[in-house]
Amino acid sequence: MGIASEQWRHAMKPTRWVVFFRTFVLYQLWRFLWINLRMVRMIAKSH
Amino acid sequence: MARVVVLGAGISGHTAALILRKKLARLHEVVVVSPARRWNWIPSNIWVGVGRMKKEQVTFELAPVYARAGITFRQARAVEIHPSGRAGAPEPYVVVESTAPDSQGAREEIAYDYLVNATGPKLNFGATPGLGPEGNSLSVCTFDHAEQTAHALDEAIARMKEGAKLTFVVGMGHGLCTCEGAAFEYAFNLEFELRRAGVREQARIVFLTNEAEVGDFGVDGLQIRRGGYDVPSSVFAESMFVERGIEWITGAHVHSVDPNEVTYETLDGQKRTLAFDFAMLLPPFTGVGLKAFDQDGQEITSELFAPNSFMKVDANYTAKPYEEWTPEDWPRTYQSPLFPNVFAVGIAFAPPHALSRPRKTENGVPVAPAPPRTGMPSGIMGRAVALSIADMIKRGAKQPTHEASMAKMGAACVASAGVGFWSGSAVSMTMYPVVPDYARYPGAGRSTRHTTGEVGAAGHWIKHILHHLFLYKAKAYPGWWLIPE
Ligand SMILES: Cc1cc2nc3c(=O)[nH]c(=O)nc-3n(C[C@H](O)[C@H](O)[C@H](O)COP(=O)(O)OP(=O)(O)OC[C@H]3O[C@@H](n4cnc5c(N)ncnc54)[C@H](O)[C@@H]3O)c2cc1C
């Protein structure tokens, strides 16, 4: 078995839905706000 | 009147200089010494390296910005520090060597009251025979390297369009490298571009890294809370590689890079070769090699600097095993223990030790990712030191008044995985603190609330916005100081 298929066997794979939501605009807009909030919180904690 | 000299105009030095200028009255002088004429937003070099941006989009001329801000600029390379001046004239000074076209090589002494060493890394391609653009591999560390890499990629894609099957190796060119995140980003952007060009099927992509596990990033990995579990970042990183069909080789020290072949050794002591058509391998970093002298002209470099040429600051440099590392080992004020008017920030300060567990191969070759000092911590250090110096000058403070320990600081990092408003994506990561604190956060060493990561287009939008935001800030346009590091 080649290195690639052996690695494939042991790794976690995303489902179709996970992949879909990564570029689904409405969901990503929500994530955009949420990630920004998280980062602002991190910046506030670090300065 | 006081003069503050800042060596280096990268993320940390430029931040320090702008804040000093903002805080100090005009009777005080802020001088920046930097060999490069242009400022570079280094994180976007990844996009230059896949041909998605031109180098003009990630750089700008420093001189007009400094002229507007009221900062004196010397296009020069610092070579010597004389922290106690010379016999009979105790005023400290630095010796700089011009890199400007009209005065190339001319030496000048610049006296200082306060010195900030923000000279970043020397890209030590020489550590591995054949490594680097002068040898047999490519790099994205500078905008010129990145542009050269983009040309090589164009050629590779053209060959593949004619039917060639090619192997791409991306990763770290030495066992002691840092900045694994940048190689990770490049691997994903490369894969994305090959897909976009319709030649992905003809490409084998291998990620070759000194990390013991992918997703270590030189910070000993992260634990991310997901689905009711605390999941190691290696699980997510491996998943991303597998999803995109990228193979990975971990725990590797690269011995040499020959034309079209890399020789490496892994932790099990096995020496192997890997044939490639295109290799983008990052170099290990050292300090830039500044020398220091006492009043009598005797060299004191080893007192001011660690053996790797990074400047010693208020860290605990006692050598100790991984199990005994503590967050308190990390510096807080970045002040030199020997000269209270000398500071080192960003990559230029000597870290007390790594963050990832150091390992050796079965043959005793060290494979130990060096600790990253990424953009956000570098900028925050620059700010803290600038504020301390401003207080020392204005209020006569005897000690630095601001601290910025990486053990009390978080980092936000967005690792691009492909460019495109609709189809692009990036990994948005936050970690707190950067230096793990196992007493405060048993198990993970970091807050599982504030240590997060996710993949999606939102990350790409953020990365793109940050690109413009940080260029705006670096150009010192109105309100620049409202944008945090
Ligand atoms: C390809 C790549 C991608 C990256 N991506 C990210 C990212 O996405 N996010 C992130 O947070 N970090 C990222 N980083 C890391 C980030 O670039 C560094 O953390 C940051 O640049 C460190 O800032 P610095 O000021 O210490 O050094 P630098 O930014 O390297 O600046 C050093 C400065 O010193 C000058 N200099 C050198 N020698 C001398 C001398 N002798 N005298 C005077 N001046 C000198 C240099 O010209 C330069 O101006 C990336 C790094 C690379 C290489």
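For the structure, check the block above.
Residues numbered from 1 in each chain as written. Chains lettered and ligands numbered in written order. Predicted model: local features only at pLDDT ≥ 70, side-chain atom pairs only at ≥ 80, totals over all residues. Heavy atoms only, no water.

### Points about the sheet that holds strand S14 (residues 246–249) of chain B
Within a sheet, each strand pairs with its neighbour through backbone hydrogen bonds, oriented either parallel or antiparallel.
Residues and elements named next belong to chain B.
For step 1, the next point in the chain: Strands sit in the order S14-S11-S10-S18 across an open sheet of 4 strands; the sheet is parallel. On the outer flanks of this sheet lie S14 and strand S18 (278–282), each paired with one strand and no other. The average undirected angle you get between the axes of adjacent strands in this sheet is 15 degrees.
For step 2, the next point in the chain: Contacts between helix H6 (residues 233–243) and the sheet are confined to strand S11 (203–208) and S14, with S14 contributing the most and set at about 135 degrees to the helix. (Pairing = 2+ DSSP bridges. Helix = DSSP H or I, 4+ residues; strand = E, 2+ residues; numbered from the N terminus. Axes fitted to C-alpha atoms, helices over the stretch in contact; angles between N-to-C directions. Contact = heavy atoms within 4.5 Å.)

### Topic: the pattern of salt bridges
All names here are of chain B.
For step 1, the next point in the chain: If you walk through the whole model with that rule in mind, you get 27 salt bridges over all chains.
For step 2, the next point in the chain: Across the pair Glu97 and Arg107 runs a salt bridge, and its minimum N-O distance is 3.3 Å. Of this pair, Glu97 sits in strand S6 (residues 93–98) while Arg107 sits in strand S7 (residues 107–111); the two residues are 10 residues apart in sequence, bridging distant segments of the chain.
For step 3, the next point in the chain: Judged by relative accessible area, which is 52%, Arg107 ranks as exposed.
For step 4, the next point in the chain: A salt bridge links Glu243 to Arg244; the shortest N-O distance between them is 3.6 Å. (Salt bridge = Lys/Arg side-chain N within 4 Å of Asp/Glu carboxyl O. Buried < 20%, exposed > 50% of the residue type's maximum accessible area, 1.4 Å probe, protein only.)

### Some thoughts on the interface of chain A and chain B
Accessible area lost upon the coming together of the parts serves often as the stated size of an interface.
For step 1, the next point in the chain: Residue-level contacts link 26 residues of chain A with 42 residues of chain B.
For step 2, the next point in the chain: Of the roughly 2900 Å² buried between chain A and chain B, counting both surfaces, carbon and sulfur atoms make up 68%.
For step 3, the next point in the chain: Counting the surface chain A buries against chain B, the share from its top three residues, Met12, Arg22 and Met42 of chain A, is 21%.
For step 4, the next point in the chain: Between chain A and chain B we count 3 salt bridges in total.
For step 5, the next point in the chain: For the pair chain A and chain B, the number of links is 10 residue pairs in polar contact (both at pLDDT 80 or more). (Buried area = accessible area lost by both parts, 1.4 Å probe. Polar contact = N/O pair within 3.5 Å; in protein donor to acceptor, adjacent residues only side chain to side chain.)

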